[in-house]
Amino acid sequence: NHLTDQVIQRSKRMILDTLGVGLLGTSTEVCHKVTQYSKIYSSDISSTIWGHPNFRLPPLYAAFVNGVAVHSMDFDDTWHPATHPSGAVLPAVIALSEASPQKKKISGLDLLLAFNVGIEVQGRLLRFSSEARNIPKRFHPPTVVGTMGSAAACAKLLALDRLKCKNTLAIAASYAGAPLANAATQTKPLHVGNAAKHGLEAACLASQGLQGNKQILDMESGIGAFYTDYNPQSLPTLQSYPWLLDQQDVAIKRFPAHLGTHWVADAASSVRRKLVESSDNLLPLDKIEKIILKVPEVKYVNRPSPTSEHEARHSFQFVACSALLNGSMSVQSFTSENVHQPALRELLCKTQLEHPPDNTPSFDSLYCEVSVTLQDGNTISDRCDTFYGHWRKPLKKEDLEKKFQSNASSVLPAEATEGIIETVYNLENVEDCSALSTFLSGRSARALSEKRHAQSNIVGFG
Amino acid sequence: LWETVTSSFASFIHGVQPEHLSKIVRHRSKRMILDSIGVGLVGSTTHVFDIALQYCRLYSSVAVSSVYGKPGIKLSPTLAAFTNGVATHSMDFDDTWHPATHPSGAILPALLAASQMLPPSTKPNGMDFLLAFNVGLEVQGRLMHFSTEAHNIPKRFHPPSVVGTMGSAAATAKLLSLSTAQCAHALGIAASLAGAPMANAATQAKPLHIGNATRLGFEAALLAARGMEANPLILDDIPGCSGFSVFYSVYQPKPLSTPSDHHEFLLEKQDIAFKRFPAHLGMHWVVDAALSVRNLFIHYAGSFSPSLIRTIVLKIPVSKYINRPFPSSEHEARHSFQFNACTALLDGEVGLSSFTESSIHRQELRELLDKVVVEHPEDNVANFDKMYGEVELLLHSGDVLTGKCDTFYGHWRKPLSKESLLKKFRSNASHVLPEEKIETIITMVDNLENLSDSSQLACSL
């Protein structure tokens, strides 16, 4: 009853988006590698691997693999202060919900509440340091606060007592923290996978009695170690609890690349429209002399000539040129063929960045201006302050669903994708959230109805 | 030839051969291996070990790797590494180096587990094993030299969780014969798994730092072996986007020389400290100082009579996490100058049993702790190469007795003799292994270079 309506609504949107993004992500190379790796661990208890009907993994590794899937293409949600909140939490709580000790039934509301606990903890921790307000430079935020969020969410789902919740956080802190340098590489998705996995592990160890420093959030040598300035505050009381998600929504991405590139894409698409209009509906590619992008200074997204999909997803220049060339960005924009397209490489050579001092590296205040100068001296430009999908201009329900369907249908049959949408929209009323996992696995409808039939025959469990 | 720091490390890990190990390095590293095994064996009797083991037994698929002190149990390799790593650090009884870290616990468990994982046709021999162990040590040492911050007792990140993870990745990459490129990626992946804050020191979670270092570094190597790629400049300085430098406020990386040039391993110039009792290294100075003043006191008063003491002054360096006037758990007690000094004064020795619940809460001990006052002389630097411990007894009679220790027995400047090291090992191992097994391990480690199949070491545990 502490969850507000807005929080419920927003978090369900996040859940749906994250599932879609994760399902799509199961087809990536990085996800294949971690799945192969994880097969060396198996156990009696197992959880679903999204998009894989035929094999399961222990909860810890299910959380890991599904977390990697969610972040594999940088397609997952982003919050302010900056982190990718859902990917660190959802895979862990779903995996855990299938492996509940004593086979206790977990309801949709239990899942929703645990999820929100995980998001809230992340948001609160991010507010303990002014360093967190800007796009990061040192530690990749999901590895710091995401691990803690996953730990908190799992502790909630396991219904641990106060002392064990404290120890969960303490233990999780010792797993937190990965450097930013692995962004724009194949290892970055592991940051979210590991955040989910390690948070879950911390909760399991705490549940078995392991203890850590009970002042882990208070001390500079605790979570404070990850920040240069650190000012922790106690959480408000539960009465009329002011959830951060209520005050601050997330951004949902429209294409799989670093959030900063979304401003660039919208501005570039708009410039392209203007160019085409003024040139007989053709893009005057060979008449383009120079492209200038006015963006904030973010070193790890400044890549003039990316060579891999991971680098391309972290390149202002690449997204600008790709949007100019093709009109809009999509999943296909990052294939090897597109990344190495000659016309694109030509445009990249003509592209420069500028960093106006008023363009602060914060997802709440940055902007992008794209200016294309033609050979005849004419300059066409446009500016984007708020892209469609940003929290100031959230995706409409239809567009959120469209993104989900497009992603999920690449690996799941229609009944499963419909089933997930229905279940998530109705999450707080779902009695047993294992239905969600079954849909996620992609097992056939017939198998599902057989399972439902079997479940309804089990009397009085829990 | 312009080589990045990261690629120089990868080349070193990949290219170094047994012939590059000097005699001293081989000798010292075998001592470390023996001590680490013994400490792990006795550590398998702890509560924290039980928790870790129970947790890991949930995942039992390719259960091929041995667990310290549990002959009937096998775990999957990385989880065996985790469990054995926890055992090794469970009592803070494991070795310490300068700059400060616990090097062996972060690499040995992974190597033991990995040796049992490889198929019979590619089993590494004892020399391969010893080489991989030294690669793990060397990488840890070199990384610590990248920052002056590392020279002193740590305040932010617990060093084993930073360099230990990297050392484990390097060591296992070597044992698994990864290519140069794969070695670089193993380091890159490992960096994203490194780094735990100091606050969990002196708690039950601290042993996990070593458990996770050895396990996660191993995982990084396994992922790299399967083609996972990371940032190829992870050890280099990357302005505006931190790599491994993120764990330090000052960071000056340097390339490693290729093994074909004359490469001197750090272990050659800088030996390790072995602990004589299970507590933080800093405690060893005050204990030796306390024992010294205790002798003076007994000489003076005929016997140890606490009622004659008005104040006990401890002169120690500044280090918050080991300054605890009234520790209430074994973990806190192992990280308390005051506790260790008073135990040494009261009992004339500090050992395993000094840290039991009943010992910690003894009335006579609490009375002594009440008399302790701590001072931080400016010349007493929080650095394992330079610090000292001084214990002053201010008696009611007005007399003052002093004991001071600059270098405790077991420190690298005064290394444990072979007899003392073996005595420690036998004492530890006897908690869980029968005599024949104990002697087998001693012989095997002593002859490690000649062992044809190094997995025999792990199998004998």
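None of these values were measured; they are calculated from a predicted model.

A. Quick peek at the packing of aromatic side chains. Per the counting criterion, the structure on display carries 24 aromatic pairs over all chains. Ring plane angle 65° and centroid distance 5.6 Å describe the contact between F139 of chain A and F247 of chain B, whose orientation is recorded as edge-to-face. In this pair, F139 of chain A is assigned in the loop between α5 (108-126) and α6 (141-157) and F247 of chain B in the loop between α9 (206-225) and α10 (266-269), connecting two distinct chains. Residue classification places F139 of chain A among the buried residues on the basis of a relative accessible area of 6%. The exposure class of F247 of chain B is buried, given its relative accessible area of 2%. Pairing F146 of chain B with Y251 of chain B gives two aromatic rings, centres 5.7 Å apart and planes at 85°, and the pair type is edge-to-face. Residue F146 of chain B is found in the loop between α6 (126-144) and α7 (159-175), and its partner Y251 of chain B is found in the loop between α9 and α10; the two are separated by 105 residues along the sequence. A residue is classified by how much of its surface remains accessible, and F146 of chain B, at 3% relative accessible area, is buried. You can call Y251 of chain B buried: its relative accessible area is 9%. Site record: aromatic cluster; members linked through ring pairs are F139 and F226 of chain A together with F9, F146, F157, F244, F247, Y248 and Y251 of chain B.

B. Structural detail: the packing of helix α2 (residues 23-43) of chain B against helix α5 (residues 103-117) of chain B. Residues and elements named next belong to chain B. Across the interface, α2 lies against α5 with an axial gap of 10 Å and an inter-helix angle of 80°. Between α2 and α5, the crossing angle belongs to the class labelled roughly perpendicular. On α5, the residues that touch M32, I33, S36 and I37 of α2 are P103, S104, G105 and L108. Taken together, the residues that form the contact of α2 with α5 break down as 5 nonpolar, 3 polar and no charged.

C. The environment of A114 of chain B, seen in detail. Residues and elements named next belong to chain B. By secondary structure assignment, the location of A114 is in helix α5. Between the C-alpha atoms of A114 and L175, which are 61 residues apart in sequence, the distance is 7.9 Å. The contact partners of A114, leaving out residues within four places of it in the chain, are L175 and F218.

D. Representation of the nonpolar core within the structure. Core analysis: the biggest nonpolar cluster contains 267 residues, and L19 and I420 of chain A together with I37, L235 and F244 of chain B have the highest contact counts within it. Ignoring any residue separated from it by four or fewer positions in sequence, one finds I420 of chain A in contact with L16, L19, L23, F404, L412, L436, F439 and L440 of chain A. Counting residues in each nonpolar core, the second largest holds 48 residues, with V287, A333, V350 and F384 of chain B among its members.

E. Fine view of the interface of chain A and chain B. In this assembly, 54 residues from chain A lie in contact with 55 residues from chain B. With both chains or domains summed, chain A and chain B bury close to 4300 Å², and 59% of this area falls on carbon and sulfur atoms. Summed over the shared surface of chain A and chain B, the result is 2 salt bridges. Note that K197 of chain A is salt-bridged to E219 of chain B, the shortest N-O span being 3.1 Å. Counting the contacts that link chain A with chain B gives 25 residue pairs in polar contact (both at pLDDT 80 or more). Broken down by element, the side of chain A that touches chain B gets its largest block of residues, 8 residues, from helix α8 (residues 188-207) of chain A. Classifying every residue of the side of chain A that touches chain B gives 28 nonpolar, 19 polar and 7 charged.

F. Structural context of the UniProt feature "domain: MmgE/PrpD C-terminal" (unreviewed entry) in chain B. With numbering matched to this structure, UniProt assigns "domain: MmgE/PrpD C-terminal" (unreviewed entry) to residues 277-449 of chain B. A distance of 29 Å separates the end C-alpha atoms of residues 277-449 of chain B, which is 42% helix and 14% strand.

G. Region of the structure containing the domain arrangement of chain B. All names here are of chain B. Here chain B is partitioned into domain 1 (5-275 + 415-460) and domain 2 (281-405). Each of domain 1 and domain 2 has a C-alpha centre, and these two points are 33 Å apart. Taken together, the contacts link 23 residues of domain 1 with 16 residues of domain 2. Regarding the contact of domain 1 and domain 2, the summed buried area is about 1600 Å², with carbon and sulfur atoms giving 68% of it. Where domain 1 packs against domain 2, one counts 5 residue pairs in polar contact (both at pLDDT 80 or more). The residue inventory of the side of domain 1 that touches domain 2, partitioned by class, reads 11 nonpolar, 9 polar and 3 charged.

H. Up close: the environment of P77 of chain B. All names here are of chain B. Note on placement: P77 falls in helix α4 (residues 77-89). In this structure P77 comes out as buried when scored by relative accessible area, which is 5%. Sequence spacing of P77 and T4 is 73 residues, and the spatial spacing of their C-alpha atoms is 32 Å. Each residue touching P77, except ones within four places of it in the same chain, is listed here: V62, V64, S65, A113, M117 and F218.

I. Examining the sheet that holds strand β4 (residues 351-354) of chain A more closely. All names here are of chain A. One open sheet holds the 4 strands; their spatial order is β4-β3-β5-β6, and the pairing between them is mixed. The open sheet has two edge strands with one neighbour each: β4 and β6 (379-384). Between one strand axis and the next, the sheet turns through 15° on average, direction left out of account. Looking at chain direction, strand β3 (residues 288-294) and strand β5 (residues 368-374) are connected through 6 bridges and run antiparallel. By the bridge assignment, I288 is partnered in β5 with L374. Packed onto the sheet, helix α10 (residues 260-277) meets β5 and β6 and runs at close to 145° relative to β6.

What counts, and at which threshold
- Residues numbered from 1 in each chain as written.
- Chains lettered and ligands numbered in written order.
- Predicted model: local features only at pLDDT ≥ 70, side-chain atom pairs only at ≥ 80, totals over all residues.
- Heavy atoms only, no water.
- Phe/Tyr/Trp six-rings, centres within 6.5 Å; stacked < 30°, edge-to-face > 60°.
- Helix = DSSP H or I, 4+ residues; strand = E, 2+ residues; numbered from the N terminus.
- Buried < 20%, exposed > 50% of the residue type's maximum accessible area, 1.4 Å probe, protein only.
- Axes fitted to C-alpha atoms, helices over the stretch in contact; angles between N-to-C directions.
- Parallel < 35°, antiparallel > 145°, perpendicular 65-115°, else oblique.
- Contact = heavy atoms within 4.5 Å.
- Nonpolar A, V, L, I, M, F, W, Y, C, P; charged D, E, K, R; others polar.
- Core = buried A, V, L, I, M, F, W, Y, C linked by side-chain atoms within 4.5 Å.
- Buried area = accessible area lost by both parts, 1.4 Å probe.
- Salt bridge = Lys/Arg side-chain N within 4 Å of Asp/Glu carboxyl O.
- Polar contact = N/O pair within 3.5 Å; in protein donor to acceptor, adjacent residues only side chain to side chain.
- UniProt positions renumbered as here; feature names shortened; annotations may be inferred.
- Domains from an automatic or database assignment.
- Pairing = 2+ DSSP bridges.

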